[in-house]
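Here's the letter readout for the chains.
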Amino acid sequence: MHAKNGEQLAQNARRTRFVSVNSGMSDISKSEEGEQIGTENFGFHVTTCCGRLGQENDWTETWEEFFIRHRLKPQIDRLIETHNDRQLFELSEILYTKTAKLLKCRENVLPSLVHGDLWGGNWSMTTADGAPEPIIFDPSSSYSDPEFEFGIMKMFGGWTQDFENKYEKIIKTADGKNQRVLLYELYHNLNHWNHFGNSYRKSSIDLIKQILKF
């Protein structure tokens, strides 16, 4: 990822956080000009896709509940139904309990609009006014914990120190982030297992075992 992506990613996360206004709206807040500026809850207006698989985005009050109910569990349920994987079944309930504990500290995080699938194939560079500018496309959007973006990036090569420095100037790293990012990397491994078959089984199971050690 280009260093400037780090700055832009953090700016977007901060800009799309909920800002309380007396609009009388329950889900989406708007400025006086009618511009959407955030939501109190985690989710999205419609079902979205990450790859070819749909993912439900029912509005949910906490990040912990949204991630388990609408990201982690649907992937695992699909895999168990498709592959009848006994080991995954046996690990799943323990994983949900561990996930809830790891995400409990994010109970006060404000939802931000995330891309949701920000790997190297979904960004590029363009030239504007003679200067290179990063652009992103093919989103799998939701209002989520902004840390969620880092899962797919870690899965496909990580990010540079310059990227992290630019990001942290705007959003400081919270304690335990590396452990939580492994959860989000697991989600994408499970999604790839569902898409591409058992070539992603080992990486998924290994990540679950690593997470359960925390």
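This text goes with the structure placed above it.
Bear in mind that the values here come from a model prediction, so they are computed numbers and not experimental data.

Draft legend 1. Seen up close, the side chain of Ser 92. Among the secondary structure elements, Ser 92 is positioned in helix α3 (residues 86-103). For Ser 92, a relative accessible area of 4% corresponds to the buried category. There is a polar contact of 2.8 Å between the side chain of Ser 92 and the backbone oxygen of Phe 89.

Draft legend 2. Structural view of the nonpolar core. Formed by 31 residues in total, the largest nonpolar core has its most connected members in Trp 63, Phe 67, Leu 72, Ile 76, Leu 88 and Leu 186. Counting only elements with at least two residues in this core, the list comes to α2 (63-83), α3, α6 (177-196) and α7 (201-212). Of all the elements, α2 adds the most residues to this core, at 8 residues. Setting aside residues up to four positions removed in sequence, Leu 186 forms contacts with Leu 72, Leu 95, Ser 204, Leu 207, Ile 208 and Ile 211. The next biggest cluster of nonpolar side chains, apart from the first, holds 12 residues, and it includes Ala 10, Leu 118, Met 155 and Val 181.

Draft legend 3. Looking closely at the packing of helix α1 (residues 3-15) against helix α5 (residues 161-168). Running from amino to carboxyl end, α1 crosses α5 at an angle of 25°, the nearest separation of the two axes being 7 Å. In terms of their interaxial angle, α1 and α5 are classed as roughly parallel. Where α1 crosses over α5, the two elements pack in a sense that is right-handed. Each of Ala 3, Asn 5, Gly 6, Glu 7, Leu 9 and Ala 10 in α1 lies in contact with α5, whose residues at this interface are Asp 162, Phe 163, Lys 166 and Tyr 167. When the residues that make up the contact of α1 with α5 are grouped by side-chain class, the tally is 5 nonpolar, 2 polar and 3 charged.

Draft legend 4. View of the pattern of salt bridges. Tallied over the entire structure, the rule returns 10 salt bridges. Among the salt bridges present, the one from Asp 85 reaches Arg 201, with a minimum N-O distance of 2.7 Å. Of the two residues, Asp 85 is situated in the loop between α2 and α3 and Arg 201 in helix α7; the sequence distance between them amounts to 116 residues. One network of salt bridges, with partners in common, ties together Arg 106, Asp 145, Glu 147 and Arg 180.

Draft legend 5. Local environment of the packing of α2 against α3. In the contact formed by α2 and α3, the axes pass within 10 Å of each other and the chain directions differ by 165°. Compared by their axis directions, α2 and α3 come out roughly antiparallel. In this structure, α2 meets α3 at a crossing whose hand is right-handed. Contact residues: Trp 63, Glu 64, Phe 67, Ile 68, Leu 72, Lys 73, Ile 76, Asp 77, Leu 79 and Ile 80 in α2; Leu 88, Phe 89, Ser 92, Leu 95, Tyr 96, Thr 99, Ala 100 and Leu 103 in α3. Tallied by class, residues from the contact of α2 with α3 come to 13 nonpolar, 2 polar and 3 charged.

Draft legend 6. Spotlight on α1. With 13 residues, α1 extends 19 Å from end C-alpha to end C-alpha; this agrees with the ideal 18 Å at 1.5 Å per step. Close packing links the buried residues of α1 with β5 (112-114), β6 (123-128), β7 (131-136), α4 (149-155) and α5.

Cut-offs applied
- Residues numbered from 1 in each chain as written.
- Predicted model: local features only at pLDDT ≥ 70, side-chain atom pairs only at ≥ 80, totals over all residues.
- Heavy atoms only, no water.
- Helix = DSSP H or I, 4+ residues; strand = E, 2+ residues; numbered from the N terminus.
- Buried < 20%, exposed > 50% of the residue type's maximum accessible area, 1.4 Å probe, protein only.
- Polar contact = N/O pair within 3.5 Å; in protein donor to acceptor, adjacent residues only side chain to side chain.
- Core = buried A, V, L, I, M, F, W, Y, C linked by side-chain atoms within 4.5 Å.
- Contact = heavy atoms within 4.5 Å.
- Axes fitted to C-alpha atoms, helices over the stretch in contact; angles between N-to-C directions.
- Parallel < 35°, antiparallel > 145°, perpendicular 65-115°, else oblique.
- Left-handed = near helix turned anticlockwise from the far one by under 90°.
- Nonpolar A, V, L, I, M, F, W, Y, C, P; charged D, E, K, R; others polar.
- Salt bridge = Lys/Arg side-chain N within 4 Å of Asp/Glu carboxyl O.
- Expected span 1.5 Å × (residues − 1).

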